[in-house]
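Observations on chain architecture
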Amino acid sequence: MLRQFFAANFPAHYRRRRPCRVRSNPFISSFSKASKVVSLALPLALAAAGCSSVPLKESGTLSTYSNLGAPKGKLSKSRVYVDGLSLAPIKTVAIEPTRFGFAAASRIKSPADRAMVSNALDRALCISLSDRYQMVAAGESADLTIRSMVTDIVPTNKTMAGVSTVVTVGTGFALPVGVPRLPVGLGGLAVEAEAVDKSGAQRAAMVWARGANSLQNNPRVSEVGDAYGLASKFSSEFSRMLIAGKEPKGLDLSLPSRQRMKSWLGGKPKYVACDAFGREPGLVGAVAAKYGAPPQWTEKKPKPAAAY
């Protein structure tokens, strides 16, 4: 019926099928091309992403180096020792303020910058260890005392950090995928630390070094921008080893405790002893880091000033 109706009322040339022509939108076409360029360039950028190289160093401050194992790790290189049986009954821990070795101090002239890196390291260590131990102030009687030394620093190139921030943030707004940090002017950090009991016997030790890389470390316009961020990486690995009583392996996939989250947001720490190293910058610090602001802008000063 329908065929007969159309055949009787419409000429043959109207019943021919004609292809639908759609004019291309120049904006969509350009965006598509940009997306293709990014999708092709990103793997190359990731493959070329560099990292700063920082060698493991011994400054001579540990009680002994003979207990340390062979060097391990890729991103973080370390030699470790831990006496799990001796750490099991430990209840109280004190943290002596981290010091700077001569080589590291000669690279960072500003005492304020050195103090900031040291406080960041000790604060992260204190907050993490609060999950397992009661933290007491340095100088008070404690079952275990932790001593740390920054043995080396590779300063961050502030100019290149600024350029990287502009490129990374700018492309994040303009393109579907942001370009990773430029692999130039990256900083690094080397630390050694030990935990000794009341008799002075070494119960755990770590010699550690890590350089910033293009994918995991945000550029910050500060000479100690990378060292500041890497300080907490060291603290995480060292505290994880002490709490577990064994050498840490693989990534730590456990969820942070409530007290740790509260401290990270800038709140009051679980133990007042941790206030000696200042409060975390919290969300303001996270936003500042994303946009390359120097950590000096958001870092909160500790109550008692540590001597360096």
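Heads up: the structure comes first, above all this text.
Description of the structure in this document.

The rules we used
Residues numbered from 1 in each chain as written. Predicted model: local features only at pLDDT ≥ 70, side-chain atom pairs only at ≥ 80, totals over all residues. Heavy atoms only, no water. Helix = DSSP H or I, 4+ residues; strand = E, 2+ residues; numbered from the N terminus. Phe/Tyr/Trp six-rings, centres within 6.5 Å; stacked < 30°, edge-to-face > 60°. Buried < 20%, exposed > 50% of the residue type's maximum accessible area, 1.4 Å probe, protein only. Salt bridge = Lys/Arg side-chain N within 4 Å of Asp/Glu carboxyl O. Pairing = 2+ DSSP bridges. Expected span 1.5 Å × (residues − 1). Contact = heavy atoms within 4.5 Å.

The topology assignment puts Lys249 in the loop between helix 7 (225–244) and helix 8 (258–264). A C-alpha to C-alpha distance of 9.6 Å links Lys249 and Gly73, two positions 176 residues apart in sequence.

This part takes up the packing of aromatic side chains. Describing an aromatic ring pair means giving the distance of the ring centres and the angle of the ring planes. A full pass over the atoms with the stated rule returns 2 aromatic pairs. Both rings, one in Trp208 and one in Phe234, keep their centres 5.5 Å apart while their planes meet at 65 degrees; by these two values the pair is edge-to-face. Residue Trp208 is found in strand 7 (residues 202–211), and its partner Phe234 is found in helix 7; the two are separated by 26 residues along the sequence. Residue classification places Phe234 among the buried residues on the basis of a relative accessible area of 0%.

Within this structure, the stated rule accounts for 13 salt bridges. As a salt-bridge pair, Asp226 and Arg181 come within 2.9 Å of each other at their nearest N and O atoms. Taken together, the residues Asp226 in helix 7 and Arg181 in the loop between helix 6 (158–174) and strand 6 (188–197) connect sequence positions 45 residues apart. In terms of burial, Asp226 and Arg181 fall into one category: buried. The residue Asp197 makes a salt bridge to Arg203 at a minimum N-O spacing of 2.9 Å. The exposure class assigned to Asp197 is buried, which follows from its relative accessible area of 16%.

Okay, the pairing of strand 5 (residues 144–154) next. Within strand 5, 9 of the 11 residues are buried, which leaves it mostly tucked inside the rest of the structure. Direction of pairing for strand 2 (residues 92–95) relative to strand 5: parallel, over a ladder of 3 bridges. When the sheet's bridge partners are listed, Ala94 is paired in strand 5 with Thr145. One ladder, built from 10 bridges, connects strand 5 with strand 6; its direction is antiparallel.

For helix 7, with 20 residues, the first-to-last C-alpha span of 30 Å sits near the 28 Å given by 1.5 Å per residue. The complete set of buried residues in helix 7 reads Gly225, Asp226, Ala227, Tyr228, Leu230, Ala231, Phe234, Ser235, Phe238, Ser239, Met241 and Leu242. Packing partners of the buried residues in helix 7 comprise strand 1 (76–82), helix 3 (84–87), helix 5 (111–129), strand 5, strand 6 and strand 7. Two residues or fewer after helix 7 comes Gly245, characterised by a positive phi angle close to 75 degrees.

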